[in-house]
Amino acid sequence: ETGVTQTPRHLVMGMTNKKSLKCEQHLGHNAMYWYKQSAKKPLELMFVYSLEERVENNSVPSRFSPECPNSSHLFLHLHTLQPEDSALYLCASSQPDRGGEKLFFGSGTQLSVL
Amino acid sequence: GEDVEQSLFLSVREGDSSVINCTYTDSSSTYLYWYKQEPGAGLQLLTYIFSNMDMKQDQRLTVLLNKKDKHLSLRIADTQTGDSAIYFCAERRNSGYALNFGKGTSLLVTP
């Protein structure tokens, strides 16, 4: 248990559906992240929130919409996805300390788009 | 290039040492990390090293950093079957907020 909880663990959706991924961190961190993990590719950073403000958006298509209502919760709203969006979506949180920006990850949501 | 490079696979026998290598991209990176991912799980931080160090030891784990060559390695002593997982190298660049990861090295430990 890393202190970062993601739900659901698995999600299957059609291309016309709308769904949301949820992430909650219990570590008191002030930054939260969404990463996409696809087979045989490096982890792709999608969004970064610091103190509830979006500070990084790595050219992610608008069909992915993040929301950070407070420092403990992060959502990723999904609509009209494509099959190539099927991947493991990982949430992480961090707090700067002597070890730099150590990220703590959730277990991920395995998304399949049909 | 812009990628953190790692070999994709490594197989070792139980009890042997494993060495996983990584080449990173930014000579001004301040921290370098090793993460472990077991099946069906997220990434777990194993260890990290600050860029002004050249070695760090933590129980069975030894991290070596060659800053001149931008080369990082993770040595696991007395490798066990429970060490089978994917190991990711990551760098903390001076620019941007988050870490830059490699594709991961799949370590298989055989009895």
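For the structure itself, look to the data block above.
Because the structure is a prediction, the values reported are computed rather than measured.

(A) The overall build of chain A, seen in detail. Across its full length, chain A carries 0 helices and 11 strands. Taken from N to C terminus, the helices and strands of chain A fall in the order β-β-β-β-β-β-β-β-β-β-β. The C-alpha radius of gyration computed for chain A amounts to 13 Å, which stays within 12% of the reference 13 Å derived for 114 residues, consistent with globular compactness. Taken along its principal axes, the extent of the C-alpha atoms in chain A is 45 × 25 × 25 Å. Out of the 114 residues belonging to chain A, those deemed buried represent 48%.

(B) Main features of the sheet that holds strand β1 (residues 4-7) of chain A. Residues and elements named next belong to chain A. With respect to topology, 4 strands assemble into an open sheet ordered β1-β3-β8-β7, the strand pairing being antiparallel. Whereas interior strands pair on both sides, the edge strands pair on one side only; in this sheet they are β1 and β7 (64-70). Each strand axis lies, on average, 20 degrees off the axis of its neighbour in the sheet, ignoring direction. Strand direction decides the pairing type here: strand β3 (residues 18-25) and strand β8 (residues 73-79), joined by 7 bridges, are antiparallel. Looking at the pairing, cysteine 23 lines up with leucine 74 of β8.

(C) Summary view of the packing of aromatic side chains. Counting across every chain of the model gives 13 aromatic pairs over all chains. Between Tyr31(B) and Tyr33(B), the aromatic rings sit 6.4 Å apart at their centres with planes inclined by 35 degrees, giving tilted as the arrangement. The residues Tyr31(B) and Tyr33(B) share a single accessibility class, namely buried. An aromatic cluster of three or more residues is present, and its members are Tyr33(A), Tyr35(A), Phe105(A), Tyr31(B), Tyr33(B), Tyr35(B), Tyr48(B), Phe50(B), Phe88(B) and Phe101(B). Lys56(B) extends its terminal NZ or CZ atom over the ring of Tyr48(B), reaching a point 3.9 Å from the ring centre.

(D) Quick peek at the sheet that holds strand β7 (residues 61-66) of chain B. Residues and elements named next belong to chain B. Spatially, the 5 strands line up as an open sheet ordered β1-β3-β8-β7-β6, and their pairing is antiparallel. Since the sheet does not close on itself, it has two edges, and those belong to β1 (5-6) and β6 (55-58), each with one partner. Relative to strand β3 (residues 18-23), β1 runs antiparallel, the two sharing 2 bridges. Paired with glutamine 6 across the bridge in β3 is cysteine 22.

Cut-offs used in this document
- Residues numbered from 1 in each chain as written.
- Chains lettered and ligands numbered in written order.
- Predicted model: local features only at pLDDT ≥ 70, side-chain atom pairs only at ≥ 80, totals over all residues.
- Heavy atoms only, no water.
- Helix = DSSP H or I, 4+ residues; strand = E, 2+ residues; numbered from the N terminus.
- Rg over C-alpha atoms; globule rule 2.2 N^0.38 Å.
- Buried < 20%, exposed > 50% of the residue type's maximum accessible area, 1.4 Å probe, protein only.
- Pairing = 2+ DSSP bridges.
- Axes fitted to C-alpha atoms, helices over the stretch in contact; angles between N-to-C directions.
- Phe/Tyr/Trp six-rings, centres within 6.5 Å; stacked < 30°, edge-to-face > 60°.
- Lys NZ or Arg CZ within 6 Å of the ring centre and 35° of its normal.

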